[in-house]
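Single-letter residue listing:
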Amino acid sequence: LDPEVMKQFHHSEETPDQVIKRTGINEILLGADHIDGHVFNPWGFSMNALKDDSYITIHVTPEDGGSYVSYETNMIFH
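So, here's what we can say about the structure.

Thresholds applied
- Residues numbered from 1 in each chain as written.
- Predicted model: local features only at pLDDT ≥ 70, side-chain atom pairs only at ≥ 80, totals over all residues.
- Heavy atoms only, no water.
- Pairing = 2+ DSSP bridges.
- Helix = DSSP H or I, 4+ residues; strand = E, 2+ residues; numbered from the N terminus.
- Axes fitted to C-alpha atoms, helices over the stretch in contact; angles between N-to-C directions.
- Patch = residues over 30% accessible without salt bridge, like charges linked within 9 Å, V, L, I, M, F, W, Y side chains within 5 Å.
- Areas by Shrake-Rupley, 256 points an atom, 1.4 Å probe, with all protein chains shown as cover.
- Salt bridge = Lys/Arg side-chain N within 4 Å of Asp/Glu carboxyl O.
- Buried < 20%, exposed > 50% of the residue type's maximum accessible area, 1.4 Å probe, protein only.

## Quick notes on the sheet that holds strand 3 (residues 54-61)
Backbone hydrogen bonds hold the strands of a sheet together, and the pairing may be parallel or antiparallel.
Then step 1. Judged by pairing direction, the sheet is antiparallel, and its four strands sit side by side in the order 1-2-3-4 without closing on themselves. Only two strands of the sheet have a single neighbouring strand rather than two, namely strand 1 (34-39) and strand 4 (68-73). Ignoring which end each strand starts from, the neighbouring axes of this sheet average 5° apart.
Then step 2. Pairing of strand 2 (residues 45-51) with strand 3 involves seven bridges; the strand directions are antiparallel. Residue pairing across strands places Met47 opposite Ile58, the latter belonging to strand 3.

Put into structure tokens, the structure is as follows:
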């Protein structure tokens, strides 16, 4: 993955909520009403969100030479 984009997920003093807003993840949470995130040191981000019986899970591992991003949900899109 693009190393410049992955730098967004290197450890900082930001809270998980700040990372969610700064990176635009909040735009794909589809109205989730319970969000729990974690910023890892020295890099990485993980987040789970719930809305009723639906979930969204995002994991980001921004390592040089082996970065990884996953997005999983059971929400039904209309």
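## With respect to a nonpolar patch on the surface
Then step 1. Together, Ile28, Leu30, Tyr71 and Phe77 give the surface a local cluster of nonpolar side chains, amounting to about 380 Å² of exposed area.
Then step 2. Residue Leu30 is classed as partly exposed on the basis of its relative accessible area, which comes to 36%.

## A short note on unusual backbone geometry
Then step 1. Residues Asn41 and Pro42 are joined by a peptide bond in cis, for which omega reads 15°.
Then step 2. Summarising the element assignment, Pro42 is placed in the loop between strand 1 and strand 2.
Then step 3. A positive phi angle, close to 50°, is found at Leu30, a residue other than glycine.
Then step 4. Along the polypeptide, Leu30 turns up in the loop between helix 2 (16-23) and strand 1.
Then step 5. One non-glycine residue, Asp52, lies in the positive phi region at around 55°.

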